[in-house]
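Architecture at a glance
What follows is the residue order along each chain.
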Amino acid sequence: MNATKQTAFTSVSLAALLGLGLLAASPVFAKDEKAAQAQEMREADKPMGQVLKELQKLGVKPVAKLSVEEARKQPTPADAVKAVLKAEGKDPVALMAAMKVSKKDMTFPTGGGTQPVRIYTPETTGSGPLPVIVYWHGGGFVIADIETYEASAMALAHKTGAIVVSAEYRHAPEAKFPAQGEDAIAAYKWVVENGGQFNADTKRVAVAGESAGGNLAINVAIAARDMKLQAPLHMLLVYPVAGVDTETPSYREHKMTAPLSSADLLWYFDKTLNGPQDKQDPRLDVIGKADLKGLPSATVINAEIDPLASDGKLLSEKLKKAGVEVTHKTYEGVTHEFFGMAPLVPDAEKAQTLAAKELKEAFSGASSTGSTGARKKSED
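This section reports on the structure supplied with the text. Since the structure is predicted, the reported quantities are computational estimates derived from the model, not experimental observations.

1. Thoughts on the overall build of the protein
Along its length, the protein carries 15 helices and 8 strands. The buried share of the protein, reckoned over its 380 residues, is 57%. For the protein, the proportion of contacts with a sequence separation of at least 24, taken over those separated by at least 6, is 77%. When the accessible surface of the protein is summed, it comes to about 15,500 Å², and 53% of that surface belongs to carbon and sulfur atoms.

2. Some points on the sheet that holds strand E2 (residues 113–122)
Strand order in the open sheet made by the 8 strands is E1-E2-E4-E3-E5-E6-E7-E8, with mixed pairing throughout. Each of the sheet's edge strands pairs with one partner strand only, and the pair in question is strand E1 (101–110) and strand E8 (326–335). Direction aside, neighbouring strands of the sheet carry axes that sit 20° apart on average. Where E1 and E2 come together, 10 bridges link them in antiparallel fashion. Bridge pairing links Val101 to Pro122 in E2. Helix H9 (residues 179–194) rests against E1, E2, strand E3 (130–136), strand E4 (163–167) and strand E5 (200–210) of the sheet, and its axis sits at about 115° to E1. Contacts between helix H14 (residues 309–321) and the sheet are confined to strand E6 (234–238), strand E7 (297–305) and E8, with E7 contributing the most and set at about 155° to the helix.

3. Quick look at the packing of H9 against helix H10 (residues 212–226)
One can describe the packing of H9 onto H10 by two numbers: an axis separation of 9 Å at closest approach and a directional angle of 65°. At the point where H9 passes H10, the crossing takes the right-handed sense. Here Gln180, Gly181, Ala184, Ile185 and Tyr188 of H9 come into contact with H10, specifically with Leu216, Val220, Ala223 and Ala224. Taken together, the residues of the contact of H9 with H10 sort by class into 7 nonpolar, 2 polar and no charged.

4. Some thoughts on the side chain of Glu168
Mapping Glu168 onto the fold places it in the loop between E4 and H9. Of the side chains with opposite charge, Arg118 comes closest to the buried, unpaired Glu168, at an N-O distance of 9.0 Å. Polar side-chain contacts of Glu168 include one of 3.3 Å to the backbone nitrogen of Ile146. Within the local environment of Glu168, its side chain forms a polar contact with the side chain of His171, the two groups lying 3.1 Å apart.

5. Concerning the pattern of salt bridges
The final tally for this structure, using the stated rule, is 20 salt bridges. The residue Arg118 makes a salt bridge to Glu150 at a minimum N-O spacing of 2.8 Å. With Arg118 in strand E2 and Glu150 in helix H8 (residues 150–160), this residue pair connects regions lying 32 residues apart in the sequence. Judged by relative accessible area, Glu150 falls into the buried class, the value being 7%. Connected through salt bridges with shared partners, the residues Lys103, Asp105, Arg118, Glu147 and Glu150 form a single ionic network.

6. So, helix H6 (residues 77–87)
The complete set of buried residues in H6 reads Pro77, Ala80, Val81, Val84 and Leu85. Angular distribution of buried residues about the axis of H6 spans 135°; they occupy a single face of the element. Positioned one or two residues after H6, Gly89 has a phi angle of 80°, which is positive.

7. Structural notes on the pairing of E4
The buried count for E4 comes to 5 of 5 residues, which makes it a mostly enclosed element. Across the two faces of E4 the burial is the same, with Ile163, Val165 and Ala167 and Val164 and Ser166 all buried. Two elements, E2 and E4, share 4 bridges in a ladder whose sense is antiparallel. The residue bridging Val117 from the neighbouring strand is Ala167, located in E4. Looking at chain direction, E3 and E4 are connected through 4 bridges and run parallel. In the strand pairing of E4, Val132 is matched with Ile163. Taken together, E3, H8 and E4 constitute a β-α-β crossover, and its handedness is right-handed.

8. Considering the packing of aromatic side chains
To describe a pair of aromatic rings, you give the distance between the ring centres and the angle between the ring planes. As enumerated under the stated definition, the model contains 5 aromatic pairs in all. With 6.1 Å between their ring centres and 55° between their planes, Tyr239 and Phe338 make a pair best called tilted. Residue Tyr239 is located in the loop between E6 and helix H11 (249–253), and its partner Phe338 is located in the loop between E8 and helix H15 (346–364); the two are separated by 99 residues in the primary sequence. Of the residues examined, Tyr239 reaches a relative accessible area of 0% and is grouped as buried. Since its relative accessible area comes to 0%, Phe338 is described here as buried. An aromatic cluster is defined as three or more aromatic residues linked by ring pairs; in this entry it consists of Phe108, Trp190 and Phe198. Of note, Lys329 hangs over the ring of Tyr331, and the distance from its end group to the ring centre comes to 5.5 Å.

9. Comments concerning the environment of Ala366
By secondary structure assignment, the location of Ala366 is in the segment after H15. Through-space distance from the C-alpha of Ala366 to that of Leu233 is 7.9 Å; in sequence the pair is 133 residues apart.

10. Describing H14
The end-to-end C-alpha distance of H14, which contains 13 residues, comes to 19 Å, matching closely the 18 Å that a straight helix rising 1.5 Å per residue would cover. Looking only at H14, the buried set comprises Ala309, Ser310, Asp311, Gly312, Leu315, Ser316 and Leu319. Positive backbone phi, approximately 90°, marks Gly323, located one or two places after H14.

Reading guide: rules and limits
Residues numbered from 1 in each chain as written. Predicted model: local features only at pLDDT ≥ 70, side-chain atom pairs only at ≥ 80, totals over all residues. Heavy atoms only, no water. Helix = DSSP H or I, 4+ residues; strand = E, 2+ residues; numbered from the N terminus. Buried < 20%, exposed > 50% of the residue type's maximum accessible area, 1.4 Å probe, protein only. Contact = heavy atoms within 4.5 Å. Areas by Shrake-Rupley, 256 points an atom, 1.4 Å probe, with all protein chains shown as cover. Pairing = 2+ DSSP bridges. Axes fitted to C-alpha atoms, helices over the stretch in contact; angles between N-to-C directions. Left-handed = near helix turned anticlockwise from the far one by under 90°. Nonpolar A, V, L, I, M, F, W, Y, C, P; charged D, E, K, R; others polar. Lys, Arg positive; Asp, Glu negative; His and termini not counted. Salt bridge = Lys/Arg side-chain N within 4 Å of Asp/Glu carboxyl O. Polar contact = N/O pair within 3.5 Å; in protein donor to acceptor, adjacent residues only side chain to side chain. Arc of directions from axis to C-beta. Right-handed = clockwise from strand over helix to strand, strands pointing away. Phe/Tyr/Trp six-rings, centres within 6.5 Å; stacked < 30°, edge-to-face > 60°. Lys NZ or Arg CZ within 6 Å of the ring centre and 35° of its normal. Expected span 1.5 Å × (residues − 1).

Pasting the structure below:
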């Protein structure tokens, strides 16, 4: 998008807004919100626009205007996709069943007790152990759960032929940063140590996540390097939260977009952080402060209409400078949360296919002892 598409809004720093709720109360926000969302729907491609319109019909409000309890109860983009599919005479349950992926619920231990995992196993013709992807859902560390992001996890299992372990984690504000990352590391360790229980080849492990889950995925890879754990073979980072800079081009351009706006991101930070000092932590400011050398290859997927688009671009650039092989792709005309919408949004199907290709290449380059073959060529 060019500058003429930008919505006028006073730029305010994260430090000034954390904990103050100023965006939700701003008269500028209230005045321009409908106009901004209408412009967004015009810019979105037709299938994506259908989802955005259905979200409006379902009464979804920006989380920046809600309490935590209200935000957790309102309909999700996944609900909107199901509603559109039903209106078109398609059965969402049948579409999921057609992927031929079985599900099994288990738990793993964390510092906060236990957390659930859902294990997605694709139907295969062989009997040998399958590679495994440890996946973390989005939701700003505050809302959503394994169920909300099931479409993404099932699609990855179906398209890669790998087991996908979708791992839950403690949510803010009940558990502040860095509880979420601690749970993510615990989940990764548990999969590596116990994957044999569900036919996983624990020498072929990748990490993946969407939005806040993308942040957890890259931080698990960093922790594996620093703690000398088994390294994942690949990182799939879908519109990851990778920095705390609220003056990036996409933050400025998407102040009031749906289903995620810059205002919403500030709300999530407010609920997750203990205070402004947490912004200095490299686990949050991955772009600005994290050491990314020695990490596995990465696929970074972004949506054009998304305040996190710049985070993905900047993270990809930093990974490349650190010597990491990276494939980065931004899909035009779609918004945050598009990745799991393949039955409706063609670019979601394309993004999933790209992700599966990259993951399968990483798995095929690893032997049963976990050694890696040649890295793939990076592209943008």
